[in-house]
Amino acid sequence: MARVKARDGTKLYVKTWGEGRPVVLIHGWPLSSDTWDDLALTLAEEGHRVVAYDRRGFGRSDQPWSGHDYDTFSDDLAAVLEATDSGKHATLVGFSMGGGEVARYMSRHKGAGVDKAVLIGSVVPGLLKTADRPEGVPREVFEGMISGIRADRPKFFAGFAKAFYGFGKTSVSEEVLNWTFDMAMQAGLRGTVECVKAFGATDFRPDLAAFKVPTLVIHGDDDQIVPIDVSARAAAKGIKGARLHEIKGGPHGLLASHKDEIARSLSAFLKA
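Position labels on residues start from 1 in each chain and follow its written sequence. The model is predicted, so local features are restricted to residues of pLDDT at least 70 and side-chain atom pairs to those at 80 or more, both for listing and for counting; the totals for chains, interfaces and linings are taken over all residues. Excluding hydrogens and water, the side-chain values take into account all heavy atoms of the structure.

For the rest of this paragraph, the subject is the sheet that holds strand β7 (residues 215-220). What makes two strands pair is DSSP finding at least two bridges between them. Under the scheme used here, helices are H or I runs from DSSP no shorter than 4 residues and strands are E runs no shorter than 2 residues, and both carry numbers assigned from the N terminus. Overall, mixed pairing links the eight strands, which are arranged β1-β2-β4-β3-β5-β6-β7-β8 in an open sheet. Each edge of the sheet is formed by a strand with only one pairing partner; in this case those strands are β1 (2-5) and β8 (243-247). The sheet shows a mean angle of 20° between the axes of neighbouring strands, direction not considered. Between two residues, a contact is recorded if the distance between any of their heavy atoms is within 4.5 Å. Here an angle of 0 to 180 degrees is reported between the N-to-C directions of two axes, which are lines fitted to C-alpha atoms, with helices fitted over the stretch in contact. Packing of helix α3 (residues 98-108) onto the sheet brings it into contact with β3 (22-26), β4 (49-53), β5 (90-95) and β6 (114-120), and relative to β5 it is tilted by some 140°.

This next bit is on the pattern of salt bridges. The salt bridge definition used is simple: a Lys or Arg side-chain nitrogen within 4 Å of an Asp or Glu carboxyl oxygen. Scanning all chains against the criterion turns up 22 salt bridges. Measuring nitrogen to oxygen at the nearest pair gives 3.5 Å for the salt bridge that ties Asp 115 to Arg 21. Of the two residues, Asp 115 is situated in strand β6 and Arg 21 in the loop between β2 (11-17) and β3; the sequence distance between them amounts to 94 residues. Arg 21 sits in the exposed class, given a relative accessible area of 51%. Partly exposed describes any residue whose relative accessible area lies between the buried limit of under 20% and the exposed limit of over 50%, with all areas from a 1.4 Å probe on protein chains only and scaled to the type maximum.

With that out of the way, let us pick up the pairing of β7. Taking burial as the measure, the six residues of β7 include six buried ones, the bulk of the element. Covered by surrounding structure in β7 are Thr 215, Val 217 and His 219 together with Leu 216, Ile 218 and Gly 220, the residues of both alternating faces. Relative to β7, β6 runs parallel, the two being bridged by four bridges. Bridging across to β7, Val 118 finds its partner in Leu 216. Pairing of β7 with β8 involves five bridges; the strand directions are parallel. Note on β8: the bridge partner recorded for Leu 216 is Arg 243.

Across its 13 residues, helix α10 (residues 259-271) extends 18 Å between first and last C-alpha, which sits within 8% of the 18 Å expected from 1.5 Å per residue. Within the span of α10, buried status applies to Ile 262, Ala 263, Ser 265, Leu 266, Ser 267, Phe 269 and Leu 270. Given the number of residues in a helix, its expected span is that number minus one, multiplied by 1.5 Å.

Let us now look at the nonpolar core. Ranked by internal contacts, the top residues of the largest apolar core, which has 88 residues, are Trp 29, Ile 120 and Phe 199. Per-element tally for this core: the top contributor is helix α2 (residues 70-83), with seven residues. To define a nonpolar core, start from buried Ala, Val, Leu, Ile, Met, Phe, Trp, Tyr and Cys residues and group those joined through side-chain atoms within 4.5 Å.

Here we come to the pairing of β3. Moving residue by residue along a regular strand, the side chains alternate between the two faces of the sheet. The element β3 is largely enclosed, with a buried count of five among its five residues. Burial along β3 is two-sided: the residues Pro 22, Val 24 and Ile 26 and Val 23 and Leu 25 are all buried. Inspection of the sheet shows β3 paired to β4 by five bridges, in the parallel sense. Residue pairing for β4: Val 23 is matched across the bridge by Val 50. Whether a crossover is right-handed comes down to one check: with the strands pointing away from the viewer, does the path from the first strand over the helix to the second run clockwise; if it does, it is right-handed. Between β3 and its parallel partner β4, the chain crosses via helix α1 (residues 37-45), and the hand of that crossover is right-handed. Where β3 meets β5, four bridges bridge the pair, whose relative direction is parallel. Residue pairing across strands places Ile 26 opposite Gly 94, the latter belonging to β5.

The structure is reproduced here in C-alpha cells:
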C-alpha cells in the first residue's frame, strides 16, 4: 500500500498485490478500491500484479476541492501507472464511472502502455439524453440524485445500494449492502456530488476511436443504474473489435452479485 502524488499534489491511495503483468482496476461511484478485493485476490493468485487505487475524493485518497473531471481523472490514472511501474503491457479495467477513466486515458494519453482494456457496467460512451442520443438518461435524473444526496446522504445511499445490486432479485446479502453503504459514506461530499455531474454529462463517444487494443465489455442486462442499451451495447458497437459479454439478469453491482462469472470472463480474456 502506498500514496501516489497526482500532478496537482493530490495524494491517491494505492494498493498493489501479486507479481506479473499489471492489471489496473478503477472503481465505480461512490465506492473505493476495496470493491475490487475479491477479483483482485483471484487475479493476483493467477499470476498478475494487480493495482487498485481510490479515486480522488473517495476512500482513503485526498479530498481536494477541484479536479473532479475526466481529464484530471485520466491524468491521475497516468500518475498511478508511472508510480507503480505499470505503464507497460497493462490491462485497464474500469467499473461503472471507472470506465470513463479508461476511455479518456486511451484518448488523452493515447493508451500509452496499455495492451488490453475492459469495461464492466461502464458509463461509456455516455449516459445523458441529448438530441442526438434520445435513448439516454434525462438530466433530471442526475439532478435528482444530487438533490437526494445533499438532503439526506445516508438515506439516499441506503436506497441506492438496493438498486445497485438488484436486491431481492440476486443473492447479494444485507451485509454486502451495509459494506457498500460504508464505502459510499467514506467518500467526501464534494467529490460525491461533482462526480455525478462528471459521469452524468461527459460524452465519451469521441474517445471510442482511441481504443486500439483488444477490448472486453461486460454488462448486466438488468442494470437499473447504467442502462445497457445506452452504455455497453453502444460501446461494443463503437469500439472496433470489442467483444460484448452480457450477463443475463445481472444488476449494476456485478462485482459482488456475479463475481465468479466476472472472474472467469476476465481471466479468459487476459489469457487470450
